[in-house]
Structure formats: structure tokens, C-alpha cells
Amino acid sequence: MERKEFLIKSTILAAGIGAGIVGCRKENEIPIPLNDQARIKIGIIGLGDRGSTIIGVLNHSPEFKIIACCDILDFRLERGVKNIKEKVTGYNDYRKMLENKDLEAVIISTPLHEHYSMAMDALDANLHIMCEKVMAYNIEQSQAIKKKAEQSSKMFQVSYQYQLNPTFNAIKDIIHNGYCGKITRIDAHWHRNSNWRREIPSPELEKQINWRMYKEYSGGLMAELGSHHLNMIDNILGQHPIKVVGTGGIDYWQDGREIYDNVYALFDYPNGVKASFSSLLSNRYEDQIIKFYGDKATIVSNKMNEAYIYPEEGADKEWDEKIDGMTSASIKIIDEDQKRNITPKNIGNENYPFEDNYRNTTWLLYKNFSAAIKGEEKLKLGLHDGYQSSISVHIANKAIREESVQKWKPEYDI
Ligand SMILES: NC(=O)c1ccc[n+]([C@@H]2O[C@H](COP(=O)([O-])OP(=O)(O)OC[C@H]3O[C@@H](n4cnc5c(N)ncnc54)[C@H](O)[C@@H]3O)[C@@H](O)[C@H]2O)c1
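Every value quoted in this text rests on a predicted model; they were computed, and no experiment measured them.

Draft legend 1. Structural context of the overall build of the protein chain. Within the protein chain one finds 12 helices and 16 strands. Relative to a compact globule of 414 residues, whose C-alpha radius of gyration would be 22 Å, the protein chain shows 21 Å and is just as compact. Taking the principal axes of its C-alpha atoms as reference, the protein chain extends roughly 65 × 55 × 40 Å. The 414 residues of the protein chain split such that 47% are buried.

Have a look at this one:
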């Protein structure tokens, strides 16, 4: 059996459906690079978890050549330099790295509180920027970055790669083509059963390594996990939230952390759509689910790896004939309750290098980044998306932490 066919069939057997995107070339088959001049010379700041994933992805992206990398922790810098497949200059001061005149683009994959100064300095250095989510630590910093980046001719992308998943686009098309009818409610969860901590090599590195646990550095679960869901919801609705209430607490992990391990927020969107996001660290039954409730059907997706649609009674008469022609998806009945799975139409068209969606969608994000730099495509996750999701995260955190109703203020619309 062909490897690709095997992987798709494995997914079908494991999950009951085959909507996930899976790799079809061996991970150790690194593609042959383009000639050096055609490659975008890029540097990466922050060589931790996400930075390591990005290095692995860029090793499969001939459009980019990593020529510089930076981390303030020596052991991370050493690992980064080792994992980058080409000769690279390592730095422990990102400002020195930005002085490298050969650089055309920079990746910011550091803790949240560092994004602002790095993004502003990279804009001063006139570089294309791929900034990890969330765009910045607070509303004021996000506004300052957006305003400055809009004055630049360079690309500014924020790393919400879930939107690049074909399943996301299939769901979006199905909703936009009216198959769900009027949506009045969306529920999104990202639940885990873990302490969310990293091992520390020595106690003095606690805050540096476990920055997510501390308010000074982190926006907690809403920023780290909720931002992805809010970004997808905003994109599908074509709107940002107008009001949010919420609650949260350190309800389970009494280990000195400052950020809540249990958060729940309710968002009002225009046209009567209510959305919720919850995240907790003591139960993972719901996992990474989003549910869209319309008067004709409900869509349920987990991690955007799979998606199902459940019609309301009588709503589905013509679906199986029409749906392929009108959307980027096909819908097939898969059980007697009329549960149907959504399969993206373009599944299998792309030569994905990895066996998981996390890296494949990141790879697609970087492909789009390089195409946008070359003027061949529009940025899929530009300033608008990045900024909007950042504001949504920060007003939700304000609502949760201050136990108040927060509104999207007119001054946020810049
Ligand atoms: N898009 C996604 O799916 C995704 C997934 C995970 C993390 N992230 C984002 O990536 C960013 C990093 O997260 P992570 O999990 O990799 O964190 P991490 O702690 O594993 O890595 C961050 C690295 O940045 C380094 N660093 C800190 N300050 C620095 C400075 N001033 N100069 C240079 N290096 C510095 C740290 O030493 C560390 O090695 C966060 O914004 C996070 O939200 C995105």
C-alpha cells in the first residue's frame, strides 16, 4: 500500500473519519533547497518548544534559509544551532542578531511579554515578521505594534496556523453556504489534564522556563490556548466580540502559580451570536472541541483534525447532492443517526511533510508567509487577525480577573 494511502486509512480506522491532513513523504526526506539567492534569509528568536517545532518545519521549507538564531539560555541556543540543518550564527542578544544585514525576515517565538519590544525593534530593522501568538502582552502594546507595522512595507504575520487546516476551511464554507442556518451559539473548549509545567534544570530558572505560570509574562490559558479558538471563531463570523464576561480561578494546581487553571468566558458577537471558551487543567474529556450551533445543523470539530455535522430534523434533504459543488467539503452520512462527517475536498492534494496537523499547518503558514513576501499571495494571518485576537484575549482576561463586563471599545477599532 502507498504510504499516503496507508496514513489516510489509519486515520479513518482510528478516528472513524479521514479529515485530518497527514504526511505523504518521509520526515527524513528533506527537500532539495532552491538556489541560495531565491531563499528568504530568516532569523529566529526563542528556541524553546515552539522555536524547535518551527526549526523542524523550516528544515522542510526550501523557501527559507535560517541564517541566525537567538536564545538567552545557552543550552537552548546550542540545541537550536544543532537542529538547524544549515550553517547558522547563534546570538544571545536579539538586538545584535537584528543588526545582521543579511537578514530579510525574523521569527519571534519567545514568551508573550517579550513580543512587543522584539516586534518594534524588528520593524525598525525593516524586516518581515512572523510573530507567535498572541501578538502582544496587553492592549496598548498590540495597538502600538499594529500602527507601526501598518507603516511598514514588510509582511507581519501572526502564527494562528489552525486557519490553514483544510478542515477549518471546509467548515467555514459549509457555514457560509448556509448549511447550518442561523448560528446563535458557539462553544469552544481546550481542556487538559496536566499541570502545564516544564521541567526545570535548576530552581533559579523556574520563572524563565515556566513563564506561562506567572502574570508578569503570560496571559494564561486564555492567551496560550483560547486565542487560537477566538481567532477561528472571529474569522468564520467575520466579526469580533462586542462584549465579554468571565470567571476563573486557581482551582486545582495549588503549586505557587499565579495564572488560573480554570477559565470560562462568554462572548457576545453581533447578530445575536453567543460564544463560550473554557479551558481547564484537570480534565481533558472535551479536549480541543469547537461546536457551531445553527437552526439547521450543528458542526462539531476536535482540533480541526476531524469534523462532523448533525442536521436538525428535515434540514438535510438536498445535502448529499449539492454539497460537493458548493463548498470545499463533502458530507457523508456515517451512521444511522444521520451523523455525517465533513471531508475537505482538497485532501491529498498537498505533499505534506509531517504526520501531524500541528506541523503541517505550521508548514502551510510559512509557505503562505514566503509567498506573501514574494508578492505571490496575500497573507492569510496578517495584522488584522493578529490584532483582533489579541484584543479579544485581553478583554476576556480583564473580565475574568476583574470580575467585570468588558466591552469592545470604539478605540480598539484601529
Ligand atoms: N502557534 C502555536 O501553536 C504555538 C504553540 C506553542 C507556543 N506558541 C507561542 O510561542 C511562543 C513561545 O512559546 P514556547 O512554548 O516555545 O516557550 P518556551 O519557553 O519553550 O520557549 C521560549 C524561548 O524563548 C527564550 N527567550 C526568552 N526571552 C528571550 C530573549 N529576550 N531573547 C531571546 N530568547 C529569549 C527562552 O529562553 C526560551 O528558550 C509563545 O508566544 C507561545 O504562545 C505558539
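Next, the rest of the story.
Draft legend 2. Region of the structure containing the environment of Ile 174. Within the secondary structure layout, Ile 174 lies in helix α7 (residues 166-176). Measuring from C-alpha to C-alpha, the distance between Ile 174 and Met 326 comes to 8.4 Å, with 152 residues separating the pair along the chain. Contact partners of Ile 174, with chain neighbours within four places excluded, come to Tyr 179, Cys 180, Ile 299, Ile 309, Thr 327, Ala 329 and Ile 342.

Draft legend 3. Highlighting the environment of Gly 325. With respect to the helices, strands and loops of the structure, Gly 325 is situated in helix α10 (residues 319-326). Classification of Gly 325 by C-beta neighbours within 10 Å gives exposed; the count is 6. Along the backbone, Gly 325 and Thr 343 are 18 residues apart, and their C-alpha atoms lie at a distance of 13 Å.

Draft legend 4. Representation of the site of the ligand. Close contacts around the ligand come from 24 residues, with Gly 46, Gly 48, Asp 49, Arg 50 and Glu 132 the closest. Top contributing element to the shell around the ligand by residue count: helix α2 (residues 49-58), with three residues. By residue class, the composition of the shell around the ligand is nine nonpolar, seven polar and eight charged.

Draft legend 5. Summary view of the sheet that holds strand β2 (residues 64-70). Read from one edge of the open sheet, six strands run β3-β2-β1-β4-β5-β6, paired in parallel fashion. Two strands bound the open sheet, and with one partner strand each, they are β3 (89-91) and β6 (156-158). Taken over all neighbouring pairs, the strand axes of this sheet differ in orientation by 25 degrees on average, direction set aside. Judged from the four bridges that link them, strand β4 (residues 105-108) and strand β5 (residues 128-131) form a sheet pairing that is parallel. Across the sheet, Ile 108 pairs through a bridge with Cys 131, a residue of β5.

Draft legend 6. Structural detail: the pairing of strand β1 (residues 40-45). A large share of β1 lies buried, amounting to five of its six residues. Note: β1 against β2, six bridges, orientation parallel. Among the inter-strand pairings, Ile 44 is bridged to a residue of β2, identified as Cys 69. Handedness of the β-α-β unit built from β1, α2 and β2 comes out right-handed. Here β1 pairs with β4 via four bridges, running parallel. Considered in β4, the bridge of Ile 42 is made with Ala 105.

Draft legend 7. Structural detail: helix α11 (residues 357-373). Along its 17 residues, α11 runs 24 Å from first to last C-alpha, staying within 8% of the 24 Å computed at 1.5 Å per residue. Counted residue by residue, α11 has 13 buried out of 17 residues, so it is predominantly covered.

Draft legend 8. Fine view of the sheet that holds strand β11 (residues 289-294). Spatially, 10 strands are ordered β14-β15-β13-β12-β11-β7-β10-β9-β8-β16 in an open sheet, and the strand pairing comes out mixed. For this open sheet the edge positions go to β14 (329-333) and β16 (406-407), each flanked by a neighbour on one side alone. Of the pairings in the sheet, the one linking strand β7 (residues 183-191) to β11 comprises five bridges and is antiparallel in character. Across the sheet, the residue bridging to Ile 186 is Phe 292, located in β11. Running at roughly 115 degrees to strand β15 (residues 340-344), α7 makes contact with β7, β11, β12 (297-302), β13 (306-311), β14 and β15 of the sheet. Of the strands in this sheet, β8 (243-249), β9 (262-269) and β16 are in contact with helix α12 (residues 383-402), which crosses β8 at around 55 degrees.

Draft legend 9. Focus on unusual backbone geometry. Looking along the chain, the bond that leaves Lys 133 and enters Val 134 is cis, with omega of -10 degrees. Note that Val 134 resides in the loop between β5 and α6 (139-150). A positive phi angle is found at Asp 287, which is not glycine, with a value near 60 degrees. Relative to the elements of secondary structure, Asp 287 occurs in the loop between β10 (273-280) and β11.

Draft legend 10. Layout of the nonpolar core. Val 106 and Ile 174 are the most contacted members of the largest nonpolar core, which totals 109 residues. Filtering out sequence-adjacent residues up to four positions away, Val 106 remains in contact with Ile 42, Gly 43, Ile 45, Leu 98, Ala 122, Leu 127 and Ile 129.

Draft legend 11. Representation of the domain arrangement of the protein chain in the model. What the domain assignment lists for the protein chain is domain 1 (3-162 + 366-382) and domain 2 (163-346 + 391-402). The centre of domain 1, based on its C-alpha atoms, is set 24 Å off from the matching centre of domain 2. With 20 residues of domain 1 in contact, the opposing surface of domain 2 contributes 28 residues. Of the residues belonging to the side of domain 1 that touches domain 2, the class tally is 11 nonpolar, seven polar and two charged.

Reading the values: the criteria
- Numbers given to residues run from 1 along each chain, matching the order in which its sequence is written.
- Confidence filtering applies because this is a predicted model: local features only for residues at pLDDT of at least 70, side-chain atom pairs given and counted only at 80 or more, and all residues used for totals across whole chains, interfaces and linings.
- Strands are runs of DSSP state E lasting at least two residues, helices are runs of H or I lasting at least four, and both sets are numbered from the N terminus onward.
- Our radius of gyration looks at C-alpha atoms and nothing else; its globule reference is 2.2 Å times the residue count to the power 0.38.
- Three exposure classes are used. Buried residues have 20 or more other C-beta atoms within 10 Å of their own C-beta, exposed residues have 12 or fewer, and partly exposed residues fall in between, all C-beta atoms being placed from the backbone.
- We call two residues in contact when the distance between their C-beta atoms, placed using the backbone, is within 7 Å.
- To decide whether a residue is near a molecule or strand, its C-beta atom is placed from the backbone and checked for lying within 6 Å of it.
- Any residue that is not Ala, Val, Leu, Ile, Met, Phe, Trp, Tyr, Cys, Pro, Asp, Glu, Lys or Arg is counted as polar, Gly included; the first ten are nonpolar and the last four charged.
- At least two bridges found by DSSP between two strands are what make those strands a pair.
- To define axes, lines are fitted to C-alpha atoms, for helices over the stretch in contact only, and angles between the resulting N-to-C directions are given on a 0 to 180 degree scale.
- When the strands point away from the viewer and the connection leading from the first strand across the helix to the second strand turns clockwise, the crossover is called right-handed.
- Each residue after the first adds 1.5 Å to the expected span of a helix.
- Core membership is restricted to buried Ala, Val, Leu, Ile, Met, Phe, Trp, Tyr and Cys residues, and these are joined into a nonpolar core through C-beta atoms within 7 Å.
- Boundary definitions for the domains trace back to an automatic or database domain assignment.

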